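Architecture at a glance
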Amino acid sequence: MSNKMWGGRFSTGPDAVMEEINVSIDVDRHLYAQDIAASKAHAAMLAGQGIIAAEDADAIARGLDTILAEIEAGTFTFKRALEDIHMNVEGRLAEMIGAAAGRLHTARSRNDQVATDFRLWVRDSIDAIDAALGDYQRALAERALEHADTVMPGFTHLQTAQPVTFGHHLMAYVEMAARDRGRFADARTRLNESPLGAAALAGTSFPLDRERTARALGFDRPMANSLDAVSDRDFVLETLAAASIASVHLSRFAEEIVIWTSPLVGLIRLSDRFTTGSSIMPQKRNPDAAELVRAKTGRIIGALNALLIVMKGLPLAYQKDMQEDKQGTIEALGALALALAAMTGMVRDLVPDAARMKKAAGEGYATATDLADWLVRELKMPFREAHHVTGRIVARASEAGVPLHRLALAAMREIEPRITEAVFDVLSVQSSVKSRTSFGGTAPKNVRAQARAWLRRLDKDRKAT
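1. Details of the side chain of Arg119
- Following the sequence through the fold, Arg119 ends up in helix H6 (residues 110–146).
- Arg119 has contacts with Arg190, Leu191, Glu193, Pro195, Phe219, Met223 and Phe235, leaving out every residue within four places of it along the chain.

Shown next, in the form of structure tokens:
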């Protein structure tokens, strides 16, 4: 017997393997709300253009509303034999309103239908991720304000470099998240064009009002080329690229949390809310939430790579390969949303050990650069010479087994006789961070100003939405 969707061209049904590889309802059922919204807009436009009768459009709209309610209530039966969300909705609509349901597919194809649905779904996901990134920024900025004066070691090569404040460190991730939000916003702007009405690939002979359906669905405009409309997924790739970069930022912070919570380091603690225990070692407190955030980055980057590989060899227009665009994307953006929630929770939960941070900040001769800067500023020494002199003084302190600020003035003068007792004013970690007042520097007053500015900006953004 012929397939109900494909019509009389086929005399028998598909092989079981063909049916299994072809079906997509297990994935694209996530697009139900977008599919119904697009169908309602399409039906209203068809009626407005006189292509279908108004009473049929009304029946279609009522039926679609009922189907939406059934799906959200969990009473809708998804049928794998109908392949995808589009045909499941249309099949149920036919059961409800009869022949009028068949008019809904006038002047459209599943090609432009799925492209429209997926753009709507990705757009909704971007909006949700942007809100989550805003919450993450708020948590970071609030903790940064709280710890603007908390001194900690700053690292390069994972070696102690110069003292910074914990608040300054947190604010670095606020800035990264801001760029992440910018990338998502850019992707949203470019994806916000409607494929609906492009039909299979060539457009249609029906007198459509594509501007109307675009407006109804919140798009800025209809897409200008029907081939492009149904055959490209750059809007997904761009969103996954933004998601990958955002997830890398989260993963870097997650890695720091894993390191900092180790008893060997002990700079911060996480509560029971974001750690787990061991089935055999009762003393263990594992930072599993951070580790899983770190791991989910691989899934997100993998989704981007997978879709790039799917798309790289496809000629125009639609190819069934593109059915593989949704599963990885849905999983990846879901993973990013979960990772953001976990990181936001950990930021609010973590407790820094201020005393241990301060002690660690002074280890490794972290104020050596402050000594070199003092030599340049007070003795008018060229920086390269100051760098060399400072290195010799650090070596002397290391031989004596003391930090720089505990090395005797006489020992320093043996290397550079012009050094005065005033040098000790810059050798403590507190003095070091307080002196870093250049724009973007770690000085506590800078951190407080930046944190407060971000909190005001986030408040303004929240009110605007």
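We are not done yet, so read on.
2. Things to note about the pairing of strand E1 (residues 151–156)
- Bridging between E1 and strand E2 (residues 159–165) involves six bridges; their strand directions are antiparallel. Bridging across to E2, Phe155 finds its partner in Thr160.
- Connecting E1 to the antiparallel partner E2 that follows it, the hairpin turn spans two residues, and His157 within it adopts a positive phi of roughly 60°.

3. Quick notes on the pattern of salt bridges
- Taken as a whole and judged by the stated rule, the model has 31 salt bridges.
- For Arg377, the salt bridge goes to Glu378, with nearest N and O atoms at 3.8 Å.
- For Arg377, a relative accessible area of 43% corresponds to the partly exposed category.
- Residues joined in a network through salt bridges with shared partners are Glu70, Lys79, Arg92 and Glu95.

4. Regarding the layout of surface pockets
- The volume enclosed by the largest pocket comes to roughly 590 Å³.
- Looking at the largest pocket, it is lined by 21 residues, and the ones nearest its centre are Gly154, Phe155, Thr156, His169 and Glu256.
- Breaking the lining of the largest pocket down by element, the ones donating at least two residues are E1, E2, helix H7 (166–191) and helix H10 (234–261).
- When grouped by side-chain class, the residues that make up the lining of the largest pocket number eleven nonpolar, six polar and four charged.

5. Observations regarding unusual backbone geometry
- With omega at 5°, the peptide bond leading from Leu316 into Ala317 counts as cis.
- Mapped onto the secondary structure, Ala317 falls in the loop between helix H11 (288–311) and helix H12 (325–349).
- Positive phi values are uncommon outside glycine, yet Glu83 reaches one of about 70°.
- Relative to the helices and strands, Glu83 resides in the loop between helix H4 (54–73) and helix H5 (85–97).
- With a relative accessible area of 7%, Glu83 lands in the buried category.

Parameters at a glance
Residues numbered from 1 in each chain as written. Predicted model: local features only at pLDDT ≥ 70, side-chain atom pairs only at ≥ 80, totals over all residues. Heavy atoms only, no water. Helix = DSSP H or I, 4+ residues; strand = E, 2+ residues; numbered from the N terminus. Contact = heavy atoms within 4.5 Å. Pairing = 2+ DSSP bridges. Salt bridge = Lys/Arg side-chain N within 4 Å of Asp/Glu carboxyl O. Buried < 20%, exposed > 50% of the residue type's maximum accessible area, 1.4 Å probe, protein only. 1 Å grid on protein atoms, 1.4 Å probe; cavity = no way out; pocket = protein on both sides within 12 Å on 5 of 7 lines; lining within 4 Å. Points joined across faces, edges and corners; volume = space filled by probe spheres on them. Nonpolar A, V, L, I, M, F, W, Y, C, P; charged D, E, K, R; others polar.

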